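Descriptive structure summary
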Amino acid sequence: MNIALNDIIIKKLPVKAGKNIFYDIIQPIVMHISHEIGTKVLYLFAANTKLAEYYKTWGFFPVDDEPFNQRLTKDWQNEYSQKCIFMYKPVAEIVNR
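These numbers come from a predicted model, not from an experiment.

Let us now look at the overall build of the protein chain. Along its length, the protein chain carries four helices and three strands. Going from the N terminus to the C terminus, the protein chain shows its helices and strands as α-α-β-α-β-α-β. Looking at the protein chain residue by residue over its 97 residues, the buried ones come to 29%. Taking the intrachain contacts of the protein chain between residues at least 6 apart in sequence as the baseline, contacts between residues at least 24 apart amount to 75%. For the protein chain, the computed accessible surface area is about 7200 Å², with 58% contributed by carbon and sulfur atoms.

And the structure:
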């Protein structure tokens, strides 16, 4: 799911749409799945360092392991996401708001 918004759309919206989608829709689904099958980690790919810094405010962490990041780039990411920054958040840290 891609919830990134460009600057033109962001300026027109009265609310933080991506943050609302994440907290109000995605997190409850993740919590449900976690209870059903035991998922422990939620991950995302930040499109750039600005978004990575923003996602840190949501509780996501970057992986500071260069060999791991190189393997992700090679094995998991498609052409669209080649420059993206892998980040994760332990499901145990997700709280209902």
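Still to come is the rest of the account.
Here strand β1 (residues 41-46) runs beside strand β3 (residues 85-90); their pairing, made up of six bridges, is antiparallel. When the sheet's bridge partners are listed, F45 is paired in β3 with F86. Examined bridge by bridge, strand β2 (residues 61-62) and β3 share two bridges and lie antiparallel to one another. Within the sheet, the bridge partner assigned to F61 lies in β3 and is Y88.

With that settled, consider the nonpolar core. With 15 residues, the main nonpolar core has F22, Y55, F60 and M87 as its most contacted residues. Counting residues per element, the ones that place at least two in this core are α2 (17-37), β1 and α3 (49-56). A total of five residues in this core trace back to one element, the largest contributor, which is α2. If near-sequence neighbours (up to four positions away) are discounted, M87 is found in contact with L42, Y43, L44, A46, A52, Y55, K56, F60, F61 and P62.

Quick notes on the rules
- Residues numbered from 1 in each chain as written.
- Predicted model: local features only at pLDDT ≥ 70, side-chain atom pairs only at ≥ 80, totals over all residues.
- Heavy atoms only, no water.
- Helix = DSSP H or I, 4+ residues; strand = E, 2+ residues; numbered from the N terminus.
- Buried < 20%, exposed > 50% of the residue type's maximum accessible area, 1.4 Å probe, protein only.
- Contact = heavy atoms within 4.5 Å.
- Areas by Shrake-Rupley, 256 points an atom, 1.4 Å probe, with all protein chains shown as cover.
- Pairing = 2+ DSSP bridges.
- Core = buried A, V, L, I, M, F, W, Y, C linked by side-chain atoms within 4.5 Å.

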